[in-house]
Amino acid sequence: MKEDVVVLASDSLHGRQTGTSYEVMAADYIANRFKNLGLEPKGTNGYFQEFSFKDKSDPHGNVDYVSKSEDSTITGTNVVGYLNNNAENTVVIGAHYDHLGMGIEGSLYRGDNPEIHNGADDNASGTSAIIELAKLLKKKSPKNNNYLILHFSGEELGLFGSKYWLEHPTYKGNLNYMINLDMVGRYDTARKLTVGGYGTSTKWADILAKTPTSLITHYDSAGAGPSDHASFYRKDMPVLFMFTGSHSDYHKATDDWDKINYTGEAAIIQYVNNIIKNTDAAGKLDFLKTRENS
């Protein structure tokens, strides 16, 4: 897990900005990890699903997905792996892997010269976490669900990768629920671990109550919010969102690998793995609308 964070948050990847060669390098790294783990490719081109769009100033507005050949376009790359248990339903485990490059719009860095925004917590932490979850599930997974491991591009620009995947799914089976890990690398007892989305199904409260953890947790019922689980929630799918909170390095050039709480992240990975196990017997989860966080 730590090695994955170190690689993804290295200066050589220049902050993994959507549409750059450096993001493609990160996608290649993730795909190679999937291949070594024995996950099936579930993109449109092996593990990859490319999508092109025209950038816009409003990250909350509708995005126009366009042909890659058109002028002034950005091409992002989702990475999709699949663990097939020949089950009726499939669980989506997702995280975005893009970040802010040298400090695109959204950066809070105020230095005079551009600097690499490595995004160790945002979101090399979540990216490494779902690779580790894929490893655990490949080794021993509950058999009542299949597992789709989705690494999204374009999240920082407005959840573009997750929205595109839902409009152009590379997997046509029945989706059960989605768990999103975004910024899970700075756990401490003061900020706690936020578990969002528990109000999106009547079954979450009971499942979470049956999943003990040593982590100090804060529960939030909202299904929407500023990360990729919101795209799935708005398609009427139960979601959970794992988040260890903002901090002074958020969207700055100082969000580096040596500041990650790897012990805390490992505990979060085990907690999510246990939630997945305890959800396995619940069948297909029902869906509830909740209040929305912006």
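Please refer to the structure placed before this passage.
First, a word on scope: everything that follows refers to the structure included in this document. Numbering of residues begins from 1 in every chain and follows the order in which that chain's sequence is written. pLDDT decides what is reported in this predicted model: residues at 70 or higher carry local features, side-chain atom pairs at 80 or more are listed and counted, and totals for whole chains, interfaces and linings draw on all residues regardless. With hydrogens and water stripped out, all remaining heavy atoms of the structure feed into the side-chain values.

### So, the overall build of the chain
Here's step 1: Going along the chain from the N terminus, every DSSP run of H or I of four or more residues is numbered as a helix, and every run of E of two or more is numbered as a strand. Along the chain, the regular secondary structure elements total seven helices and ten strands.
Here's step 2: The globule rule is 2.2 Å times the number of residues to the power 0.38, and the radius of gyration it is compared with is taken over C-alpha atoms. Taking 294 residues into account, the globule formula puts the C-alpha radius of gyration at 19 Å, and the chain, at 18 Å, falls close to it.
Here's step 3: A principal-axis box enclosing the C-alpha atoms of the chain has dimensions of 50 × 45 × 40 Å.
Here's step 4: Throughout, exposure labels follow a simple rule: accessible area from a 1.4 Å probe, protein chains only, divided by the maximum for the residue type, with under 20% read as buried, over 50% as exposed, and the rest as partly exposed. Residue burial in the chain is summarised as follows: out of 294 residues, 55% are buried.
Here's step 5: The contacts of the chain with a sequence gap of at least 6 include a subset with a gap of at least 24, amounting to 81%.
Here's step 6: In the structure as shown, the chain presents an accessible area of about 12200 Å², 48% of it carried by carbon and sulfur atoms. By the convention used here, residues are in contact when the closest approach between their heavy atoms is within 4.5 Å. Computed with a 1.4 Å probe, the accessible areas rest on the Shrake-Rupley method; for each residue, only the protein chains presented here act as cover.

### A word on the packing of aromatic side chains
Here's step 1: Here the aromatic set is Phe, Tyr and Trp, taking the six-membered ring for Trp, and pairing holds for ring centres within 6.5 Å; pairs whose planes are under 30 degrees apart are stacked, those over 60 apart are edge-to-face, and all others are tilted. If you walk through the whole model with that rule in mind, you get eleven aromatic pairs.
Here's step 2: Ring geometry for Y198 versus Y219: centroids 6.2 Å apart, planes at 80 degrees, classification edge-to-face. Of this pair, Y198 sits in the loop between β8 (193-196) and α5 (204-209) while Y219 sits in strand β9 (residues 217-220), and the two are 21 residues apart along the sequence.
Here's step 3: For Y198, a relative accessible area of 31% puts it in the partly exposed group.
Here's step 4: Among the residues examined, Y219 registers a relative accessible area of 35% and is labelled partly exposed.
Here's step 5: With a centroid separation of 5.6 Å and 15 degrees between ring planes, the pair formed by F241 and F243 is classed as stacked.
Here's step 6: Residue F243 is classed as partly exposed on the basis of its relative accessible area of 22%.
Here's step 7: In textbook terms, an aromatic cluster arises when at least three aromatic residues are bridged by ring pairs, as seen for F51, F53, F160 and Y164.
Here's step 8: Lysine and arginine charges are scored as sitting over a ring when NZ or CZ, respectively, is within 6 Å of the ring centre and within 35 degrees of the ring normal. A cation sits over an aromatic face here: K289 above Y233, 5.4 Å from the ring centre.

### With respect to helix α7 (residues 262-279)
Along an α-helix, residues three or four apart share an orientation, since each turn contains 3.6 residues.
Here's step 1: Each residue after the first adds 1.5 Å to the expected span of a helix. Here α7 is 18 residues long and its end C-alpha atoms lie 26 Å apart, about the 26 Å a rise of 1.5 Å per residue gives.
Here's step 2: Those residues of α7 that fall on the buried side of the exposure criterion are Y262, G264, E265, I268, I269, Y271, V272, N273, I275, I276 and T279.
Here's step 3: For the purposes of these results, a polar contact is taken to be a pair of N or O atoms within 3.5 Å, where, inside protein, one atom must be able to donate a hydrogen and its partner to accept one; residues adjacent in sequence count only when each atom of the pair is a side-chain atom. Measuring from the side-chain oxygen of the N-cap residue of α7 to the backbone nitrogen of T263 gives 3.3 Å; that N-cap residue is N261.

### Thoughts on the nonpolar core
Here's step 1: Buried residues of nine kinds, namely Ala, Val, Leu, Ile, Met, Phe, Trp, Tyr and Cys, make up a nonpolar core once their side-chain atoms join them within 4.5 Å. I93, L181 and M242 are the most contacted members of the largest nonpolar core, which totals 51 residues.
Here's step 2: It is helix α3 (residues 120-139) that provides the largest number of residues to this core, a total of eight residues.
Here's step 3: Contacts of L181, omitting those with residues within four sequence positions, involve I93, G94, A95, N123, G126, A129, I130, L133, M242 and V272.
Here's step 4: With 18 residues, the next largest nonpolar core counts V80, Y171, M178 and M237 among its residues.

### Brief notes about the pairing of strand β5 (residues 89-96)
Here's step 1: Burial within β5 is extensive, with eight of its eight residues counted as buried.
Here's step 2: Burial of β5 is two-sided: the residues N89, V91, I93 and A95 facing one way and the residues T90, V92, G94 and H96 facing the other way are all buried.
Here's step 3: Bridge count for β5 against strand β6 (residues 145-152) is eight bridges, and the pairing is parallel. The residue of β6 that forms the bridge with N89 is N145.
Here's step 4: A crossover gets the label right-handed when its path from the first strand over the helix to the second runs clockwise, viewed with the strands pointing away from the viewer. Viewed along the sheet, the connection from β5 through α3 into β6 turns out right-handed. Between any two strands, at least two bridges found by DSSP are needed for them to pair.

### Observations regarding the side chain of H151
Here's step 1: Its location among the elements puts H151 in strand β6.
Here's step 2: Taking relative accessible area as the criterion, H151 reaches 0% and is therefore assigned buried.
Here's step 3: Setting aside residues up to four positions removed in sequence, H151 forms contacts with I30, F34, T77, N78, V79, A95, Y97, T127, I130 and I131.

### Describing the pairing of strand β10 (residues 239-243)
Here's step 1: With respect to burial, β10 is a largely interior element, four of its five residues being buried.
Here's step 2: Across four bridges, strand β7 (residues 174-181) lies against β10 in parallel orientation. For N180, the partnering residue across the bridge sits in β10 and is F241.
Here's step 3: Both β8 and β10 contribute to a ladder of three bridges, which runs antiparallel. For V195, the partnering residue across the bridge sits in β10 and is M242.

Everything listed here is a matter of coordinates, which is why it stays silent on function.
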